[in-house]
Amino acid sequence: MAVLEILKYPHPVLKKRCEPVEHVDEAIRKLVQDMRETMYRANGIGLAACQVGVSCRVLVMDVGAVDPAQKFFALINPEIVAEEGEIDYEEGCLSVPDCNEKIRRWEKIRVRGISLDGEAVELAGEGILAIALQHEIDHLNGILILDRISRLKREIYRKRLKKEREKGERD
Ligand SMILES: [Zn+2]
């Protein structure tokens, strides 16, 4: 197992739509193990493969720290098949440091995908599980929380990032 580097905005891989996984093979299982390790090391509750530079539709999640009824799982080629209600929740992202913004999401969703055993699975999520799933599925579609906030807030974040970079270069 290995801890991988988490790509940060504005890395171009984060803007790309990820490709579906054709076969759940040893390479995918290894990727999931590494993503799991990387997510835990970064104290994250979810991670999409593109965040570690692999542009395929794989996510890992463990929202157990927020909702103790939940535990770790990986999902391949996830797809939202039903949604209901609305909820505003302050989200952060390992790829968008120092950005915590309220985002509107579906309150409850049903998601279809493939398990690590290659089996078709369907799961229902609400609360933090539903929010985190939507966040990671957004990643697989090349969408960041920055794309879901106002243009003004996005510009403020970009300017702040630019300033920090310039400061970093001077130091
Ligand atoms: Zn994220």
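Values in this document were obtained by computation on a predicted structure and should not be read as measured data.

Undergrad: Break down the pattern of salt bridges for me, with residues and values.
TA: Oppositely charged side chains may form a pair once their charged atoms are brought near each other. Throughout the structure, instances matching the rule amount to 13 salt bridges. Between Arg 104 and Glu 86 there is a salt bridge whose closest N-O contact spans 3.7 Å. Of the two residues, Arg 104 is situated in strand S4 (residues 96-114) and Glu 86 in strand S3 (residues 73-93); the sequence distance between them amounts to 18 residues. Neither Arg 104 nor Glu 86 differs from the other in exposure class; each is exposed.

Undergrad: Any chance you could break down the sheet that holds S4 for me, citing the residues and the numbers?
TA: With respect to topology, 5 strands assemble into an open sheet ordered S1-S2-S3-S4-S5, the strand pairing being antiparallel. Looking along the sheet, the strands with just one partner apiece sit at the ends: strand S1 (46-48) and strand S5 (120-126). Each adjacent strand pair in this sheet contributes to an overall mean axis angle of 40°, direction not counted. Across 4 bridges, the pairing between strand S2 (residues 58-61) and S3 is antiparallel. When the sheet's bridge partners are listed, Val 58 is paired in S3 with Ile 76. Strands in contact with helix H1 (residues 26-41) are S1, S2 and S3; relative to S2, the strand with the most contacts, it is inclined by about 40°.

Undergrad: Before we move on, can you summarise the coordination of the zinc ion with the specific residues and values?
TA: For a metal bound by four donors in a tetrahedral arrangement, the ideal donor-metal-donor angle is 109.5 degrees, while six donors in an octahedral arrangement ideally sit at 90 or 180 degrees. Within the first shell, the zinc ion binds the protein through Cys 93 (SG), His 135 (NE2) and His 139 (NE2), at distances of 2.0 to 2.2 Å. Between consecutive donor residues of the zinc ion, the sequence gaps follow C-x41-H-x3-H. One end of the pair, Cys 93, is in strand S3; the other, His 139, is in helix H2 (residues 128-140), with 46 residues separating them in the sequence.

Undergrad: Kindly report on helix H3 (residues 151-170), identifying the contributing residues and their values.
TA: For H3, built from 20 residues, the straight-helix expectation of 28 Å at 1.5 Å per residue is met to within 8% by its first-to-last C-alpha distance of 29 Å. For H3, the set of buried residues is Arg 154, Tyr 157 and Leu 161. The buried residues of H3 occupy an angular sector of 60° when projected down its axis, which confines them to one face. Seen from the buried face of H3, the exposed residues on the opposite side, beyond 90 degrees, are Leu 152, Lys 159, Lys 162, Lys 163 and Arg 170. Where H3 is buried, its residues touch S4.

Undergrad: Tell me about the environment of Ala 82, and please be specific about residues and values.
TA: Along the chain, Ala 82 falls in strand S3. Separated by 24 residues in the primary sequence, Ala 82 and Trp 106 have C-alpha atoms spaced 9.6 Å apart. Non-local contacts of Ala 82, meaning those with residues more than four positions away in its chain, are made with Lys 108, Ile 109 and Arg 110.

Thresholds applied
- Residues numbered from 1 in each chain as written.
- Predicted model: local features only at pLDDT ≥ 70, side-chain atom pairs only at ≥ 80, totals over all residues.
- Heavy atoms only, no water.
- Salt bridge = Lys/Arg side-chain N within 4 Å of Asp/Glu carboxyl O.
- Helix = DSSP H or I, 4+ residues; strand = E, 2+ residues; numbered from the N terminus.
- Buried < 20%, exposed > 50% of the residue type's maximum accessible area, 1.4 Å probe, protein only.
- Pairing = 2+ DSSP bridges.
- Axes fitted to C-alpha atoms, helices over the stretch in contact; angles between N-to-C directions.
- Contact = heavy atoms within 4.5 Å.
- Donors = N, O, S within 2.8 Å, 3.2 Å for Na, K, Ca; no water.
- Expected span 1.5 Å × (residues − 1).
- Arc of directions from axis to C-beta.

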